[in-house]
Amino acid sequence: MSSVAEKEQYNYDIVKFCVIVGILMGVIGTAVGTWIASELAFPILNFDIAEISFGRLRPVHTNTVIFGFGGFLLYGAGLYMVQHCTHARVRLEKLAWTAIALWLIAMICVWVTLPLGITQAKEYHEAEWWIDLMMAASWVCFTISFLATIAARKMSHIYVGLWFFISMLFMVTYIFVFNGLAIPVDMTFSYSAYSGIHDAMTQWWWGHNAVGFFLTAGFIGVMYYFVPKHANRPIYSYRLSVLHFWSLTFLYVWVGAHHLHYTAIPDWTLSLGAGMSIALIFPSWGGMINGMMTMSGAWDKLRTDPVMRFMVVALAFYGMSTFEGPLMGTKSVNALSHYTDWTVGHVHSGALGWNAMIAIGAMYHMITRMWNTEMWSAKLVNMHFWVHLTGAVLYITAMWGSGVLQGLMWRAFDEYGNLVYTFADSVAAMHPFYALRATGGFLVFCGFCIMLYNTLKTISAVKAGTNVTLTAEARA
Amino acid sequence: MSEYKKGGGMIRGIPHDTIEQSLPILAVFVAILVAVGGIVEVVPSYYLDDAEPAVEGVRPYTPLELEGYAIYRREGCFLCHSQMIRPFRDEKERYGHFSLAAESGFDHNYQWGSKRTGPDLARLGGKYTDAWHIQHMRAPRSVVPESVMPNYMWLEETALDTSKTKRRMEVLAMMNVPYSADDIANWEADMKAQAGVDDGDGEDALRTRYERKTWEIDGEVTQWTDSFEPTPINVRAFDGDATDVTELDALIAYLQMLGKSVHFEEGVDYYHDKFGQPYRK
């Protein structure tokens, strides 16, 4: 039924480029993140300079980590696994390179325009219309090249990891294009095509599906290749993967409305969003369980292999944050959590715990396979793991603390029916949490610096011929 | 990947083996499936009458306020300040009546925000004096010691860039914002009049234009009732200096009108309106 012909020579240059740029994006994105977190703890750090004030710099952080780090990981790991899963060299290579060049140029434009205050002011979609066009063109180029490679596959079946990529490619095209529709005033300003409640619904249809498809479906696809490959075990359950793929693809789309609970959006939409959010636990945990159980018979690798540790802890965080998400998507919990730092903590348990750790694991895996070498220092990989994990946990727990405290302070009434706290009281109470959060972010930044250093040392060792090559078993 | 090959075939009567061997079938199924949720949740808000009940009083921004909105967007204020009050007791105590859909109906894009590092601003208008705002923008901690807001003292030192104002109004008029040709033609006079730099010559014309009761939205004429008195436009040197129009003038003009347009009455249910008029119990 399925015939596997000769493997073609893979294009690793394109993947190597994405991985190196991705690590750099991780360093830059977490550096900016640490800086803005410090601005909230110590506002003097705004230095009265417009370009680095919190409001202008915060989108630089989010864009760099989501589209810079996440984007280059998805492009790089996507092109790596599509070749390995199809045994075909990437098709339409020039188109794929164009996609990567456009994405990088767009990121540089983002770094210039956002500090200048040139913004669409839509969360996670801040880049102005002409940068949007560049990113959309990049995405379409990548999609065509990716699908053409699948079409050229040497076996009959399409691997499950690629299904998730396909769903990401389509959905992100939809949401990016529709949410980005705007009428330009000039190069520096545009008005959204939507207003008020329509804009809010479109924005969170985009916002939550950027999470659901860019940061979940895509990264689950990455997980489906790299976890079994690194553990050298087959995926736990084929049926579970079919079930959770279709249910996740269908359900995620609906849950954006839970970002708008108790607002002026019609109540039926919000209830629908809340219901679907709860249902989403099942497909999410389907993926988590399928990844975790793949480790059956290979759990011993956790003791010896820090890269495996990154991947497994990433799955643990994924399970945790996809439990927390539906919880926060219900109306009664959301009434407390919305507008508070709890949301920020939740996002970072997904981003630092799940996305960053599975990405880092995949990156280390690809580096060693593509350059056919052990990492320059295994100790530094281990150190990166612990520094990153400590930073992530500090960050998340700080934001849980501040978020719940904020929510409770805002709604506290005294025995005479008066508000107990002014808003300023709640701001003052946040200070220790904000300082702790900045510390956690700084540790994550340090982790990325360690990774960059280790990677550069590894590559120069390969060039100098002083590296240790992989064992045949690892190369297989 | 051996498990994956072995498991292919029929799953509960669905020939999944066929789907995953054909890129076109897989791609088409996915493309359709991911479109459903968005279509069901986003599209109906345009067609259901009660999604956005009309209330009297919501008007488009004056040219000066429109520039203030642009500065609010530029500085990323929405990242720390929401403009969406929820129907809870504590929010009513702290911020006022819950926000209505119509109140942000002319905002392209909406400024509801998602985070309150600072307080909600949906009904900030009139809560503080201009002098408070001027000092607060210069040095927030001089009036609110606990604040973590950056200083924005460059706003009062920067002359307002009005090169885009007309084009902004033209773009908004292409959508659902009811700027008339007259409103757009007189943008400069209206802006100067509102900021108090024209010795009061243009104030009456400004008020005639923006305190009117007849609006043409998407080709439909909306007429407010005779007894309804629109909220007066704020006309003064917002930054305390009547010699020029600065960015601070525009921003404070915007902040001082937030949430002032609708006149909330006791006993009126602002939720369940199907026919464009407030439903009275």
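Residues numbered from 1 in each chain as written. Chains lettered and ligands numbered in written order. Predicted model: local features only at pLDDT ≥ 70, side-chain atom pairs only at ≥ 80, totals over all residues. Heavy atoms only, no water.

Draft legend 1. Focus on the overall build of chain B. On a plain count of helices and strands, chain B comes out with 13 helices and 6 strands. Across its three principal directions, the C-alpha atoms of chain B cover 85 × 45 × 40 Å. Relative to its 281 residues, chain B shows a buried fraction of 56%. Put simply, 69% of the contacts in chain B that link residues at least 6 apart link residues at least 24 apart. Of the roughly 12400 Å² of accessible surface on chain B, 55% is carried by carbon and sulfur atoms. Charge centroids of chain B, computed over 30 positive and 47 negative side chains, lie 7 Å from each other. (Helix = DSSP H or I, 4+ residues; strand = E, 2+ residues; numbered from the N terminus. Buried < 20%, exposed > 50% of the residue type's maximum accessible area, 1.4 Å probe, protein only. Contact = heavy atoms within 4.5 Å. Areas by Shrake-Rupley, 256 points an atom, 1.4 Å probe, with all protein chains shown as cover. Lys, Arg positive; Asp, Glu negative; His and termini not counted. Charge placed at Lys NZ, Arg CZ, Asp CG, Glu CD.)

Draft legend 2. Local environment of the interface of chain B and chain A. Taken together, the contact between chain B and chain A spans 95 residues of the former and 105 residues of the latter. Summing both sides of the interface, chain B and chain A together bury roughly 8700 Å²; the carbon and sulfur share of this comes to 66%. The tally of links from chain B across to chain A stands at 3 salt bridges. Residues Arg56 of chain A and Glu75 of chain B are paired through a salt bridge, measuring 2.7 Å at the closest nitrogen-oxygen approach. Of all the elements in the fold, those that place two or more residues in the side of chain B that touches chain A are α1 (2-6), β1 (10-11), α2 (16-19), α3 (23-42), α4 (63-74), α5 (89-94) and α9 (165-174) of chain B. For the side of chain B that touches chain A, the element with the highest residue contribution is α3 of chain B, accounting for 15 residues. (Buried area = accessible area lost by both parts, 1.4 Å probe. Salt bridge = Lys/Arg side-chain N within 4 Å of Asp/Glu carboxyl O.)

Draft legend 3. Region of the structure containing the packing of helix α11 (residues 306-329) of chain A against helix α14 (residues 378-410) of chain A. All names here are of chain A. Viewed as axis vectors pointing N to C, α11 and α14 meet at an angle of 15°, and their least axial separation amounts to 10 Å. Taken together, the axis directions place α11 and α14 in an arrangement best described as roughly parallel. α11 and α14 meet at a crossing whose hand is left-handed. On α14, the residues touching Pro306, Val307, Arg309, Phe310, Val313, Phe317, Met320 and Glu324 of α11 are Ala378, Val381, Asn382, His384, Phe385, Trp386, His388, Leu389, Val393, Ile396 and Trp400. Grouping the constituent residues of the contact of α11 with α14 by class yields 14 nonpolar, 3 polar and 2 charged. (Axes fitted to C-alpha atoms, helices over the stretch in contact; angles between N-to-C directions. Parallel < 35°, antiparallel > 145°, perpendicular 65-115°, else oblique. Left-handed = near helix turned anticlockwise from the far one by under 90°. Nonpolar A, V, L, I, M, F, W, Y, C, P; charged D, E, K, R; others polar.)

Draft legend 4. Representation of a nonpolar patch on the surface in the model. Residue and element names in this part refer to chain A. Residues Tyr236, Trp285, Ile289, Met293, Phe323 and Leu327 make up a contiguous nonpolar surface patch of roughly 510 Å² in combined accessible area. Residue assignment for the nonpolar patch shows that the elements contributing at least two residues are α9 (281-293) and α11. If you tally residues by element for the nonpolar patch, the top one is α9, at 3 residues. Here Met293 shows up in helix α9. (Patch = residues over 30% accessible without salt bridge, like charges linked within 9 Å, V, L, I, M, F, W, Y side chains within 5 Å.)

Draft legend 5. Up close: α9 of chain B. Along α9 of chain B, the positions that sit buried rather than exposed are Thr165, Arg168, Met169, Val171 and Leu172 of chain B. All buried residues of α9 of chain B lie within an arc of 160° about the axis, which places them on one face of the element. Close packing links the buried residues of α9 of chain B with β1 (182-186) and β2 (189-192) of chain A together with α4, α10 (181-185), α11 (187-194) and α12 (203-210) of chain B. (Arc of directions from axis to C-beta.)

Draft legend 6. Structural view of helix α5 (residues 160-180) of chain A. If you check α5 of chain A, its first and last C-alpha atoms are 30 Å apart, about what 21 residues at 1.5 Å a residue would give, namely 30 Å. In terms of burial, α5 of chain A is largely enclosed, as 17 of its 21 residues are buried. (Expected span 1.5 Å × (residues − 1).)

Draft legend 7. Layout of the nonpolar core. Counting 170 residues, the largest nonpolar core has Trp103, Ile150, Phe214, Phe226, Trp354 and Met366 of chain A together with Trp112 of chain B as its most contacted members. Looking at this core element by element, the count peaks at 20 residues for helix α6 (residues 196-231) of chain A. Excluding anything up to four places from it in sequence, Phe226 of chain A contacts Ala77, Tyr80, Met81, Met311, Ala362, His365 and Met366 of chain A. Counting residues in each nonpolar core, the second largest holds 59 residues, with Ala50 of chain A together with Leu66, Tyr72 and Leu155 of chain B among its members. (Core = buried A, V, L, I, M, F, W, Y, C linked by side-chain atoms within 4.5 Å.)

Draft legend 8. Examining the side chain of Asp249 of chain B more closely. Relative to the helices and strands, Asp249 of chain B is located in helix α13 (residues 247-255). Within the structure, Asp249 of chain B has its side chain in polar contact with the backbone nitrogen of Thr246 of chain B (distance 3.0 Å). (Polar contact = N/O pair within 3.5 Å; in protein donor to acceptor, adjacent residues only side chain to side chain.)

Draft legend 9. Geometry of the packing of helix α2 (residues 54-86) of chain A against α6 of chain A. Residues and elements named next belong to chain A. Between α2 and α6, the least distance of the axes is 10 Å, while the angle of their chain directions is 40°. Crossing of α2 over α6 shows left-handed handedness. Together, Ile66, Phe67, Gly70, Gly71, Leu73, Leu74, Ala77, Tyr80, Met81, His84 and Cys85 of α2 and Trp206, Phe214, Leu215, Gly218, Phe219, Gly221, Val222, Tyr225 and Phe226 of α6 make up the contact between the two elements. Residue composition of the contact of α2 with α6, by class: 15 nonpolar, 5 polar and no charged.

Draft legend 10. The state of the cysteines, seen in detail. Residue and element names in this part refer to chain A. Under the counting rule described, the total for this entry stands at 0 disulfides over all chains. Looking at Cys449, it has no disulfide partner, and the nearest cysteine sulfur is the one in Cys446, 6.2 Å off. Classification of Cys449 as partly exposed rests on a relative accessible area of 30%. (Disulfide = S-S within 2.5 Å.)

Draft legend 11. Structural view of the side chain of Arg74 of chain B. Relative to the assigned elements, Arg74 of chain B resides in helix α4. In terms of polar contacts, Arg74 of chain B uses its side chain to reach the side chain of Glu247 of chain B, at 2.8 Å. Sequence-distant contacts of Arg74 of chain B, defined by excluding residues within four places in its chain, comprise Arg56, Gly117 and Thr119 of chain A together with Trp154, Leu155 and Glu247 of chain B.

Draft legend 12. View of the pairing of β2 of chain A. Residue and element names in this part refer to chain A. Summarising the sheet, β1 and β2 pair through 4 bridges and their orientation is antiparallel. Paired with Ile183 across the bridge in β2 is Tyr191. Hairpin connection, β1 to β2: the antiparallel pair is bridged by 2 residues. (Pairing = 2+ DSSP bridges.)

Draft legend 13. Expanded view of unusual backbone geometry. With an omega of 0°, the peptide bond between His108 of chain B and Asn109 of chain B qualifies as cis. Looking at the secondary structure, you find Asn109 of chain B in the loop between α5 and α6 (130-138). One non-glycine residue with positive phi stands out, namely Asn372 of chain A, at about 50°. By the secondary structure assignment, Asn372 of chain A is in the loop between α13 (341-370) and α14. With a relative accessible area of 25%, Asn372 of chain A lands in the partly exposed category. In this model, Asp199 of chain B sits at a positive phi of 60°, which is unusual for a non-glycine residue. By the secondary structure assignment, Asp199 of chain B is in the loop between α11 and α12. On the basis of relative accessibility, which here comes to 74%, the residue Asp199 of chain B falls in the exposed class.

Draft legend 14. Local environment of the pattern of salt bridges. A complete count under the given rule lists 27 salt bridges over all chains for this structure. Linking Glu93 of chain A and Arg89 of chain A is a salt bridge whose minimum nitrogen-to-oxygen distance equals 2.9 Å. For Glu93 of chain A, a relative accessible area of 25% puts it in the partly exposed group. What makes Arg89 of chain A partly exposed here is its relative accessible area of 27%. Two residues, Arg207 of chain B and Glu211 of chain B, come together in a salt bridge whose shortest N-O distance is 2.6 Å. Look at Arg207 of chain B and you get partly exposed, because its relative accessible area is 22%. One continuous salt-bridge network, built from bridges that share partners, spans Arg56 of chain A together with Arg74, Glu75 and Glu247 of chain B.

Draft legend 15. Here's a closer look at the pairing of strand β4 (residues 220-223) of chain B. All names here are of chain B. As defined by bridge partners, strand β3 (residues 214-217) adjoins β4 across 4 bridges and the pair is classed as antiparallel. Bridge pairing links Ile217 to Glu220 in β4. Linking two consecutive strands that pair antiparallel, namely β3 and β4, is a turn of 2 residues; a positive phi of about 50° is found at Asp218 within it.

Draft legend 16. Representation of the environment of Leu64 of chain B within the structure. Residue and element names in this part refer to chain B. In this structure, Leu64 sits in helix α4. As a C-alpha pair, Leu64 and Pro150 span 86 residues in sequence and 23 Å in three-dimensional space. Ignoring sequence-local partners within four residues, the contact set of Leu64 consists of Leu160, Met191, Gln194, Ala195, Phe238, Val245, Asp249, Ala250 and Ala253.

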